[in-house]
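One letter stands for each residue in the lines below.
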Amino acid sequence: MMKESNGGVSDSVIRKVLVSYFYVAIWIFLSFSVIVYNKYILDPKMYNWPFPISLTMIHMAFCSFLAFIAIHVFRFIELPSSMNGDLYVSSVLPIGALYSLSLWFSNSAYMYLSVSFIQMLKALMPVAVYSIGIMFKKETFKSSTMLNMLSISFGVAIAAYGEARFNVTGVSLQLAAVAFEATRLVLIQILLTSKGISLNPITSLYYVAPCCLAFLVVPWWFVELPRLRSAASFQPDLVIFGTNSICAFALNLAVFLLVGKTSALTMNVAGVVKDWLLIAFSWSVIRDTITPLNLIGYGIAFLGVAFYNHAKLQALKVKEMQKKAQQQDEESGALLDGDKKSENQV
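Residues numbered from 1 in each chain as written. Predicted model: local features only at pLDDT ≥ 70, side-chain atom pairs only at ≥ 80, totals over all residues. Heavy atoms only, no water.

So, the pattern of salt bridges
- Scanning the model with the defined rule gives four salt bridges in all.
- Taking the shortest distance from any N to any O, the salt bridge between aspartate 43 and lysine 39 comes out at 2.6 Å. Summarising the burial analysis for this pair, aspartate 43 and lysine 39 share the class buried.
- Linking aspartate 275 and lysine 274 is a salt bridge whose minimum nitrogen-to-oxygen distance equals 3.9 Å. Each member of the pair, aspartate 275 together with lysine 274, is buried. (Salt bridge = Lys/Arg side-chain N within 4 Å of Asp/Glu carboxyl O. Buried < 20%, exposed > 50% of the residue type's maximum accessible area, 1.4 Å probe, protein only.)

Concerning the nonpolar core
- Counting residues in each nonpolar core, the largest one holds 60 residues, and the members touching the most others are Trp27, Ile41, Trp49 and Phe117.
- The element that contributes the greatest number of residues to this core is helix H1 (residues 11-42), accounting for twelve residues.
- In this view, phenylalanine 117 contacts Ala159, Ala160, Glu163, Phe166 and Val171; residues no more than four positions away in its chain are not counted.
- Met60, Leu87, Val92 and Leu187 belong to the second-largest nonpolar core, a separate cluster that totals 23 residues. (Core = buried A, V, L, I, M, F, W, Y, C linked by side-chain atoms within 4.5 Å. Helix = DSSP H or I, 4+ residues; strand = E, 2+ residues; numbered from the N terminus. Contact = heavy atoms within 4.5 Å.)

Quick notes on the packing of helix H5 (residues 125-135) against helix H6 (residues 143-161)
- Between H5 and H6, the least distance of the axes is 9 Å, while the angle of their chain directions is 140°. Classed by the angle they form, the pair H5 and H6 counts as oblique. Judged by the twist between their axes, the crossing of H5 over H6 is left-handed. In this structure, H5 uses Pro126, Val127, Tyr130 and Ile134 to contact H6, whose residues at the interface are Thr145, Met146, Met149, Ile152 and Ser153. (Axes fitted to C-alpha atoms, helices over the stretch in contact; angles between N-to-C directions. Parallel < 35°, antiparallel > 145°, perpendicular 65-115°, else oblique. Left-handed = near helix turned anticlockwise from the far one by under 90°.)

What to know about the packing of aromatic side chains
- One pass over the structure, following the stated rule, counts 14 aromatic pairs.
- Residues tyrosine 47 and phenylalanine 241 carry aromatic rings whose centres are separated by 6.1 Å and whose planes lie at 75° to one another, so their mutual orientation is edge-to-face. In this pair, tyrosine 47 is assigned in the loop between H1 and helix H2 (52-73) and phenylalanine 241 in helix H9 (residues 238-261), connecting sequence segments 194 residues apart. Pair check on accessibility: tyrosine 47 and phenylalanine 241 agree, each one buried.
- Residue phenylalanine 241 is classed as buried on the basis of its relative accessible area of 7%.
- Members of the aromatic cluster, each reached through a chain of ring pairs, are Tyr40, Tyr47, Trp49, Phe51 and Phe241. (Phe/Tyr/Trp six-rings, centres within 6.5 Å; stacked < 30°, edge-to-face > 60°.)

Below, the structure written as structure tokens:
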């Protein structure tokens, strides 16, 4: 028999809850670490290595290597059999190009903006995903959803207006990163998910990371290589760049564990917790200036994002109920057919 605690909750339920919290804590810690670590490396006032393309290329090269080892040497995961050359060119290449641009611009924003303000701007992601989804006809226009999107945008606008270190270049870079990432997420649904292909973080890195690395070579050659040659005397710390790359790779594994063991909705809720922790860390440790308008604006945006996630959850529940009802109808129909056949035989 299943043991129950004093409150009547089974030990297995408590264990599942604790395991879920454990995965959430790991993801928050790694996501937090990668963001703060990238800020430390790229910020001119900290480590002062202002080469975001180079840093992104280091991450992609490291992730490509480890994904190759995991698949071909240790054989932890099998590659999808449906992936072929034509599909790679038509689907993975555009997704990889958008991912490279998203990472490049988001990492570049750390040189101009505070960690807290970047997290506030990232609250626009649902707005971008919904808007681009409508453009590609993956989302249907609803006035209530659009009103929700406008409330999120209004909150972010207030936060931007109250930002003490507002920088047009940094804001432009981060907004571009959000737009490219949102387009990438929509294209994944159109080019891969709709074809029945699902990639976990390891196989995603195996296919996408080398693609990103190749796309970044061109801007790196013209934008950063001349500056790196002039700074030839600079000796990068292998410990810093090595641990930073390990954190980036581990974050992808944590995403796989979190979504696989819990749900995407849990990850969204954990992301909100992470954002507030980053804002608190940015204010208390990095000593970034956070104004009351920042908090009011992000609070409005946060409520809008929370409502959006709630609406998505309700829609998923309705879809799941409809699916179960359809299965029950099919099973009932099969039983009736079986009864009729038995009667005919008699």
